[in-house]
Amino acid sequence: MKQLQGLLQWAFMQAEALFNRAFGDRLNPLYHLGAMSFFLFWVVGASGLYLYAFFETGVAQAYSSVQALTHGQWFAGGILRSVHRYASDAMVITMLVHLLRHFAFGHYRGFRWFSWFTGVALIWLVYASGINGYMLPWDRLAQFVIVGSFEWLDWLPSFGGTLMRNFIYAGSVGDRFFSLLSFVHIGLPLLVLLLMWVHVQRVPKARTTPPRPIVWSLLATLLALSLAQPVGSQGGAADLGSAVTSVQLDWFYLALFPLINAWPMGQVWALALGGTALLLLVPWLPPKFRRGTRRERLVVVHGAAGAATQLHLREGETLLEGGLRQGLALPYECRNGGCGKCLCSVEHGRVEHLPYQRSALPDALKARGKALMCCAVPVEDVVIEVEGLVAAPAGALELRTGRVVSLERLSADVMRVLVAPDGVPPAFTAGQYINIVLEDGQRRAFSFANPPHERDHIELHVRRIPGGRFTGHVFDAMKVGDPLRFEGPLGSFRLQDSSKPILFIAGATGFAPVKSILEDAFHRGLQRPMRLYWGVRRRADLYMLEAAQQWQREHPNFEVIPVLSEPHPEDHWTGRTGLVHEVMLADHGDLTGFEVYVCGSLKMVETAVPAFLAHGLGEEACFSDAFLPSAGPRLAGA
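Residues numbered from 1 in each chain as written. Predicted model: local features only at pLDDT ≥ 70, side-chain atom pairs only at ≥ 80, totals over all residues. Heavy atoms only, no water.

Colleague: Give me the lowdown on a nonpolar patch on the surface, citing residues and values where you can.
Modeller: Together, W113, F117, L281 and W284 give the surface a local cluster of nonpolar side chains, amounting to about 390 Å² of exposed area. Relative accessible area serves as the criterion here: at 45%, L281 is assigned to the partly exposed category. (Patch = residues over 30% accessible without salt bridge, like charges linked within 9 Å, V, L, I, M, F, W, Y side chains within 5 Å. Areas by Shrake-Rupley, 256 points an atom, 1.4 Å probe, with all protein chains shown as cover. Salt bridge = Lys/Arg side-chain N within 4 Å of Asp/Glu carboxyl O. Buried < 20%, exposed > 50% of the residue type's maximum accessible area, 1.4 Å probe, protein only.)

Here it is in structure tokens:
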């Protein structure tokens, strides 16, 4: 299935790029398939109401009334009959392409199953409505359709041949039966409209009207087709006394009918039901047997003038979908990675991009931390900045204040900063972090290094970054008593409830959240086996190794393994060396049954996590907290 999806993705991306060049991303029809389907439904409905007003529902008058509509008032009824037919066909095309596109890009798993499920049901309702419509003109094509349909239904044991008795003789079809078919053609479209409304309820800010140029283009195309190739009745009035030998089929609606004539009815039912069941089960194919609950991702959004809010995204949800669902007025246009209007900056954490057009996000911008919110799916908690965003929903972050009460150099480039918060101390979970808010609204993120039961102060481990604005201020100008503004607690990085043995991998000041988690675990009497691999460059960077070794002596279930990547001779180092994640893999070649917590630079996390997964670690047992070691803001101890 992945190969098929890959081929379809490539085809859609090529077509989208071609349409973007021809029409521009705003008017690319592939970005408006759902809205076009809605619009075509209204065209079908409006034209159908006009036709129904002149349609006679009696079996003897149906054919003649349709002929009078088609030829007696060709300038209105004739054209609208053709528009009704071509709009119905176009709606099938847009719905099927819409379905195929979502399949190609994998937009059907997780929380999206509901929209996929209702979409499949919608297609069958549209088919049923269209097939029912072909029964009403009561020409030879209507005879072919109605006889084939009821022969197919009659195969079901519940009918047992009773339906076809209505079509044995020319006079078998009465006005009452024919009127029932006519009213069904009103009821089915109403059900289609209801299900269309249900279908879009899970889609935040779903568009049901395409851009005006597309509307006029569709109407012009339908009118041109109606004038160039008018739709008419086929073969004269229906005659149940003779079999239909030749008709021209509408292959968009009637493709199943040649099979009804050629195959055993059981095989046709098997094809229809089997194909439908397969489509309905696509969100769960191939089956994934994994334990544990789906994880939410915390997203902190920064905007203009210091505006900030936090969002909770479902697994697999894009930044744009989650923001719109929770009421955040994010900028967007195409929602398909084609226009670039939803560009944001990823300040912390990692995102994975769904397929998008390179013209919307060039590789150079992506390398600078830019992302398309409509295609970016967080793989961990992230912090993003959206230029110009001023409005915030109810989840807006509260700005708090505190004062520096202690500054202690733990090493040449690591400072322990203790902050006493004003008012009630924040209640946090070990592993979470806060944002330090600078005077101009910029933010720097640091993990809590103290455990939750010691929350009268906030302990931060600040590593000096060359050229870093805030970290430079901490080392060169900050003094006890200075005020600080902060937001938090933030983040969902925390110790999970399970019985699995735990492996921590910390890089440099990635030790800070691990310290908070470990001290909290010791305080709660947690007895799970825990091993910490702490990777730094030189011995002097192990700024709290003595504390970790003391924990090891006091707690039999804990062990610390320091790792140096660039030891110098003067370090006199006799311990482990190399990249910290490789040292851990040397000790644990099979990670099946473990939980792994990775805290460190983005580069370290991006290198380590795939390696761990390749050695048997389950995705549901891997947790990461990444930061950007740069002059800009970062996570977990910049």
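Next, the rest of the story.
Colleague: Before we move on, can you summarise the packing of aromatic side chains with the specific residues and values?
Modeller: In the structure shown here, the tally under the stated rule is 30 aromatic pairs. Seen from their ring centres, W138 and F178 are 5.5 Å apart, and the 70 degrees between their planes marks the pair as edge-to-face. Within this pair, whereas W138 is found in the loop between helix 5 (113–134) and helix 6 (140–154), its partner F178 is found in helix 7 (residues 175–199), the two being separated by 40 residues in sequence. On the accessibility criterion, F178 (0% relative accessible area) is buried. An angle of 5 degrees between the planes, with centres 3.9 Å apart, marks the rings of F428 and F448 as stacked. With F428 in the loop between strand 9 (414–421) and strand 10 (433–437) and F448 in the loop between strand 11 (443–447) and strand 12 (458–463), the pair connects residues that are 20 residues apart, well separated along the chain. One aromatic cluster is present, built from ring pairs that chain together F511, F522, W534, Y543, W551 and F558. Over the aromatic face of F111 sits the side chain of R314, whose NZ or CZ is 3.9 Å from the ring centroid. (Phe/Tyr/Trp six-rings, centres within 6.5 Å; stacked < 30°, edge-to-face > 60°. Helix = DSSP H or I, 4+ residues; strand = E, 2+ residues; numbered from the N terminus. Lys NZ or Arg CZ within 6 Å of the ring centre and 35° of its normal.)

Colleague: Pulling in residues and values, what's your account of the sheet that holds strand 10?
Modeller: Across the sheet, 6 strands lie side by side as 11-10-13-8-9-12; this open sheet has antiparallel pairing. Each edge of the open sheet carries a strand with a single partner, namely strand 11 and strand 12. For this sheet, the mean inter-axis angle between neighbouring strands, taken without regard to orientation, is 40 degrees. Bridge count between strand 10 and strand 13 (residues 483–490): 4 bridges; the pairing is antiparallel. The residue bridging N435 from the neighbouring strand is E487, located in strand 13. Its contacts with the sheet put helix 13 (residues 469–476) on strand 8 (399–411), strand 9, strand 10, strand 11, strand 12 and strand 13, and the angle it makes with strand 12 is roughly 105 degrees. (Pairing = 2+ DSSP bridges. Axes fitted to C-alpha atoms, helices over the stretch in contact; angles between N-to-C directions. Contact = heavy atoms within 4.5 Å.)

Colleague: Which residues make up the sheet that holds strand 1 (residues 297–302), and what values go with them?
Modeller: As summarised here, the arrangement of the 5 strands in space is 2-1-7-3-5, forming an open sheet in which the pairing is mixed. The open sheet is flanked by strand 2 (308–313) and strand 5 (370–372), the only strands paired with a single partner. Strand-to-strand twist in this sheet, taken as the mean axis angle between neighbours without regard to direction, amounts to 35 degrees. With 3 bridges joining them, strand 3 (residues 343–348) and strand 5 adopt antiparallel strand pairing. For S345, the partnering residue across the bridge sits in strand 5 and is K370.

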